[in-house]
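Chain and residue survey
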Amino acid sequence: MSNGTKTNDFDCVVIGGGHAGVEAAHAAAGTGAKTCLITISKDTIAKMSCNPAIGGLAKGQIVREVDALGGLMALAIDATGIQFRLLNRSKGPAVQSPRAQADRQKYQQFMRRALEQTTNLTIVETIATEIITEDNKVRAVSCKDGSVFRTGTVVLTPGTFLGGMMYIGSEKWAGGRLDEPPSMELSQSLKRLGLKLGRMATDTTPRLAAETVDVDKLQVQPGDQPPVPFSFMTERIVRPQVPCWITYTNEKIHELLRDNLHRAPLSSGQITGADPRYCPSLEGKVVRFADKKQHRIFLEPEEEEIKTIYCNGVFTSMPKDVQEQILRWLPGTENARIAHYAYAIEYDYCPPIQLKPNLETKKISGLFLAGQINGTSGYEEAAGQGIMAGINAARKQQGKEPIVLGRDQAYIGVLIDDLLTKGINEPYRMFTSRAEYRLALRADNADRRLTQIGKSVGLVDKKRWTKFQKKLANINELKNYLTNSRSGGLSLWEQLRQPNSTLAETLAEHPDVKNMNLSEAVLQAVVIDAKYEGYLAKQERLVAGFRTLENKKIPLDLDYNSIAHLRAEAKEKLSAFRPSTLGQASRINGITPADITVIQIHLKKSSNRNQNTR
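Here we summarise the structure given alongside this text.

Tallied over the full model, the rule gives 1 cavity of 30 Å³ or more. For the largest cavity, the calculated volume is near 30 Å³. Residue lining of the largest cavity: Pro357, Met388, Ile403, Val404, Leu405, Gly413 and Ile416, and that is the complete set. Among the residues forming the lining of the largest cavity, the class breakdown is 6 nonpolar, 1 polar and no charged.

Printed below as a string of structure tokens:
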């Protein structure tokens, strides 16, 4: 679509063209809403400002889920990836996760083309400055160039731009990303709307000119053969893969960092925002893990032609001279030239307890938040929130019920529920350990969990749906065959379930199975289903027990202080978090089963009183 538009009236306006904004805009438009994406520049759509990689532990599951719902991220990385690896191959399928390095420029170009080809979507290059409301309802978005976009819903995905301040040692300047201005006006707009803001911080790594790095002395980390695609729609990856390399820090580097802690804004206290615990600065790791003699560093190419190298693990806010000395003493980079120095960035975020489960703010009707503004880190967490916010913004305009994924349905469901119930005071990152139902939330079955939902909202096209239906039919065909075929007194299905059975390795060569001409994905799905059948049945019983709490809604305006026998701490916590269901309430830190029982009794009495007065 072109920049120009005859009218400034839209069903949905998405502010920010990062990884959350891309998915939000595509989802809102794809589900039928007339959508506008406001971005500073089309050239920075889906820019990989940090690591040029997609996926990883638990993150790979989220990417597969976004794909199953009809999103773009998996398709983009399959089309532009330069090295693919399946992490945790030696462990069970529940914790295996795909990861891939991307050609960062080609990834951006893919996303831009995908959005430009999206029906119902207009991309406008400008800077949003204010969200205009009336009676606490979204009415419009005004921009720095004077343009105004009237709308009933806004999805705000500003990344690190809100009140962004950047640091390299003692150097400090306002910025939202390298060489890009921050958004100061939007922060003030949110405050005027009554939303509470906090500060968070993160940092990046140096980028090196590839021709100046001596990789011959380093350990090579190759990609998988064959590479495993992310998207359900990608048959195979056929492009050659580039290598990555592994090096290690040493005591000289650690001593250098300790001696210069007072010069690093993240360590000196100059930055007040919380440093990400799960992606810490190198100086932070040296302090926290003082007993470690070395830390592993991955040197990862940023493009297929290997022009620049990303130093994964050298996250820092140290001044330039310290960064240069680190590289002098790091094996392989002794003579490396820095193309871009590492920097730290501090930015505003909205504590996500201010959100409903559909990612709409409780205070302002029609205002949805997604990505780092909710306190998360990572492209994948942003994309998962973005697609859900886009879907729900469109559904609100269409007068439809929101789509809320449960903790038993998706990692995206776990992510959003954690944001609403845990209280976020440092950048949130997804891990498999956060998902209590991870045996069912595997990367390999994301399509079976969520494609139906994607179709129901209008994001899954006919081609994907037909392919998905064929896969389900093939799975059922193979399961029926294995259940009805016996050998040695047991059905083949029962044999497949045995812990020490070798049938899984030879199943594809079984004559009858071979004649079915099934894909590797179908064979894998059936084998995993058989191995996990008993565990999943037990897990489903647990889920069923919790479902009553999950389905019991709590009025957002409930006066907890008026509930007799509810503890003072519970009243305080529940009044702050404002949970939407009893299930959510039960997961708030400090809330006990006894508190939940008291609330249940109160809600039942209130319901009976209301019925008696009708």
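Alright, that's what it looks like, and here's the rest.
Estimated volume of the second largest pocket: approximately 1200 Å³. Along its surface, the second largest pocket is lined by 36 residues, and Pro229, Glu235, Glu520, Ala521 and Gln524 are the ones closest to its centre. Those elements that place two or more of their residues in the lining of the second largest pocket are helix H2 (59–69), helix H12 (446–457), helix H13 (462–484) and helix H17 (520–551). If one sorts the elements of the lining of the second largest pocket by residue count, H17 sits on top with 6 residues.

Pairing between side chains of opposite charge can happen when their charged atoms approach one another. In the structure shown here, the tally under the stated rule is 46 salt bridges. Measuring nitrogen to oxygen at the nearest pair gives 2.5 Å for the salt bridge that ties Arg150 to Asp9. Placement of the pair is Arg150 in strand S9 (residues 148–156) and Asp9 in strand S1 (residues 9–15), with a sequence separation of 141 residues. Given the relative accessible area of 34%, Asp9 is considered partly exposed. Between Glu509 and Lys514 there is a salt bridge whose closest N-O contact spans 3.3 Å. For Glu509, a relative accessible area of 52% corresponds to the exposed category. The exposed category is assigned to Lys514, whose relative accessible area is 52%. Here the residues in one salt-bridge network are Arg407, Asp417, Asp418, Glu436, Glu550 and Arg587, joined through shared partners.

Attention shifts here to the packing of H2 against helix H10 (residues 379–397). Close contact between H2 and H10 brings their axes to 9 Å; oriented N to C, the two are set at 25°. In terms of axis orientation, H2 runs roughly parallel to H10. Crossing hand, H2 versus H10: left-handed. Across from Lys59, Ile62, Val63, Val66 and Leu69 in H2, the residues of H10 making contact are Glu380, Glu381, Ala383, Gly384, Ile387 and Met388. Class assignment of the residues belonging to the contact of H2 with H10 gives a composition of 7 nonpolar, 1 polar and 3 charged.

Cut-off values and rules
- Residues numbered from 1 in each chain as written.
- Predicted model: local features only at pLDDT ≥ 70, side-chain atom pairs only at ≥ 80, totals over all residues.
- Heavy atoms only, no water.
- 1 Å grid on protein atoms, 1.4 Å probe; cavity = no way out; pocket = protein on both sides within 12 Å on 5 of 7 lines; lining within 4 Å.
- Points joined across faces, edges and corners; volume = space filled by probe spheres on them.
- Nonpolar A, V, L, I, M, F, W, Y, C, P; charged D, E, K, R; others polar.
- Helix = DSSP H or I, 4+ residues; strand = E, 2+ residues; numbered from the N terminus.
- Salt bridge = Lys/Arg side-chain N within 4 Å of Asp/Glu carboxyl O.
- Buried < 20%, exposed > 50% of the residue type's maximum accessible area, 1.4 Å probe, protein only.
- Axes fitted to C-alpha atoms, helices over the stretch in contact; angles between N-to-C directions.
- Parallel < 35°, antiparallel > 145°, perpendicular 65-115°, else oblique.
- Left-handed = near helix turned anticlockwise from the far one by under 90°.
- Contact = heavy atoms within 4.5 Å.

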